[in-house]
Amino acid sequence: MLRVLTAGESHGPELVAMMEGLPAGVRIDLDDIRGDLARRKLGYGRGSRMKFEADELHLSGGVRHGYSLGSPIALRIGNTEWPKWTEVMNPEPVELTEMSRGRGAALTRPRPGHADLVGMQKYGFDEARPILERASARETAARVALGAIAKSFLSELGIRLVSHTLSMGPVRVPDGAPLPTPDDVDALDADPLRCFDAATSERMVAEVDDAKKKGDTVGGTVEVLAYGLPPGLGSHVQWDRRLDAKLAQAVMSIQAIKAVEIGDGFVTTTRRGSAAHDELCAAPDGITRTSDKAGGVEGGMSTGTVLRVTAGMKPIATVPHALHTIDVTTGEESSAHHQRSDISAVPAAGVVAEAMVAITLVDVVLEKFGGDSVAETRRNLDSYLAAIPENLRTAGASDPSLAGGV
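Worth saying up front: this structure is predicted, and the values here are computed from it rather than measured.

Conventions and cut-offs
- Residues numbered from 1 in each chain as written.
- Predicted model: local features only at pLDDT ≥ 70, side-chain atom pairs only at ≥ 80, totals over all residues.
- Heavy atoms only, no water.
- Helix = DSSP H or I, 4+ residues; strand = E, 2+ residues; numbered from the N terminus.
- Buried < 20%, exposed > 50% of the residue type's maximum accessible area, 1.4 Å probe, protein only.
- Contact = heavy atoms within 4.5 Å.
- Areas by Shrake-Rupley, 256 points an atom, 1.4 Å probe, with all protein chains shown as cover.
- Lys, Arg positive; Asp, Glu negative; His and termini not counted.
- Charge placed at Lys NZ, Arg CZ, Asp CG, Glu CD.
- Phe/Tyr/Trp six-rings, centres within 6.5 Å; stacked < 30°, edge-to-face > 60°.
- Lys NZ or Arg CZ within 6 Å of the ring centre and 35° of its normal.
- Expected span 1.5 Å × (residues − 1).
- Arc of directions from axis to C-beta.
- Core = buried A, V, L, I, M, F, W, Y, C linked by side-chain atoms within 4.5 Å.

Considering the overall build of the chain
- The number of helices and strands found in the chain is 13 helices and 17 strands.
- With respect to the principal axes defined by its C-alpha atoms, the chain has extents near 75 × 50 × 40 Å.
- For the chain, the residues scored as buried account for 49% of the 406 residues in total.
- Sequence separation of at least 24 residues holds for 72% of the intrachain contacts in the chain that already meet a minimum separation of 6.
- Total accessible area computed for the chain in this model is approximately 18800 Å², and 54% of it derives from carbon and sulfur atoms.
- The chain carries 44 positive and 55 negative side-chain charges, and their two centres are separated by 1 Å.

What follows is the structure, encoded as structure tokens:
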């Protein structure tokens, strides 16, 4: 089974990540990981931090000459801003100098929408700094780095992922618009909002501009698509083995994500049963579905069609005009602490969601097929597919035209 852990604080010296259980022989390319770390910073509406805070990637173990060893993979992502925070975030007790006193001032005005107040209550702190440093979305850099490794393994099995922005505030890609494929990643990354529909992207830019002008922030939705999945990943036999449940937990764990749906999700709840499901038909090369409203998952298992996972991100809670709060030291009403922030991080959320879906898929692939090396996993997968009787085989498993309830 795959195990993943991250550690580190937003303004600490580095983020640390570990992945245990990845088979040997997976190609690990540092440039691919760096590329995904750069993609995490993309998107119109990002704050200044994305411009000056560089990610210094170091692989500490589990990889030799560009390939995984089968042992735990450990990596570090250094924070180039650490020299400015060495006193405030020092693990040793230190006296703050004049330069650091302002930065290290106690944060006693918790920000609504953040972990600040509840974290202070739970862990017994009298200010928010010890909470917000770990709760920060900076932690997602570690997940994205591990996600790049996960995607490399999946690609060895013919499984490829892509993410894109579906909506920004009330502006949404029209129903029935073409879905991107993994070959469209470069085009998506070149778009200011990582949106596959150019006209909608322009309207999204205007929405971000309007929010910025009014001193506000904006949320939205992103979709992750996985192509090339075999049928049968996950299981119906226990609640914690269901693929959709695993995906929902993984994606919901991303900071600021407040909703997750598989396939047509909430729209399907508005349909009558006769129009809500993917009917089965015979095709020359196997069984096909007339649509993919289920998003590639039925009964907690992958169907072999395109997997579609949508995540809804709330507007960033660090609002420029500062929300109403209480100063917990004086008990008086006040305005929340405001540090630099983005107007929107929705495009970046797509990259993080892509990483979390990839990590989850590696987990269920290894649960199903095992393997101490990627070659063994591949053989087990091929054997499994070959053993499915012809009358039960799925046709057109990765056809994007079947997705989205077409």
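We are not done yet, so read on.
Thoughts on the packing of aromatic side chains
- In the structure shown here, the tally under the stated rule is 1 aromatic pair.
- Above the face of the Trp85 ring, Arg103 is positioned so that its terminal group lies 5.0 Å from the ring centre.
- We note Lys122 situated over the ring of Tyr123; from NZ or CZ to the ring centre the distance is 5.4 Å.

Details of the environment of Thr86
- Its location among the elements puts Thr86 in the loop between strand 6 (73–79) and helix 3 (98–101).
- What makes Thr86 partly exposed here is its relative accessible area of 28%.
- For the pair Thr86 and Val205, spaced 119 residues apart in sequence, the C-alpha to C-alpha distance is 37 Å.

Side note on helix 13 (residues 374–387)
- The first and last C-alpha atoms of helix 13 sit 20 Å apart over 14 residues, in line with the 20 Å expected at 1.5 Å per residue.
- For helix 13, every residue scored as buried is listed here: Val374, Thr377 and Leu381. For helix 13, the arc enclosing every buried residue in end-on projection is 60°, short of the 170-degree limit, so these residues lie on one face. Opposite its buried face, helix 13 presents the exposed residues Arg379, Ser383, Ala386 and Ala387, each directed more than 90 degrees away.
- In this structure, the buried side of helix 13 is in contact with helix 6 (140–156) and helix 12 (346–369).

Some details on the nonpolar core
- With 76 residues, the main nonpolar core has Leu22, Phe153, Leu154, Leu161, Leu307, Val357 and Leu361 as its most contacted residues.
- Ignoring anything within four residues of it in the chain, the contact list for Leu22 reads Leu2, Ile28, Ser68, Gly70, Ile73, Ile149, Phe153 and Val362.
- Membership of the second largest hydrophobic core comes to 6 residues, among which are Val185, Leu188, Tyr227 and Val306.

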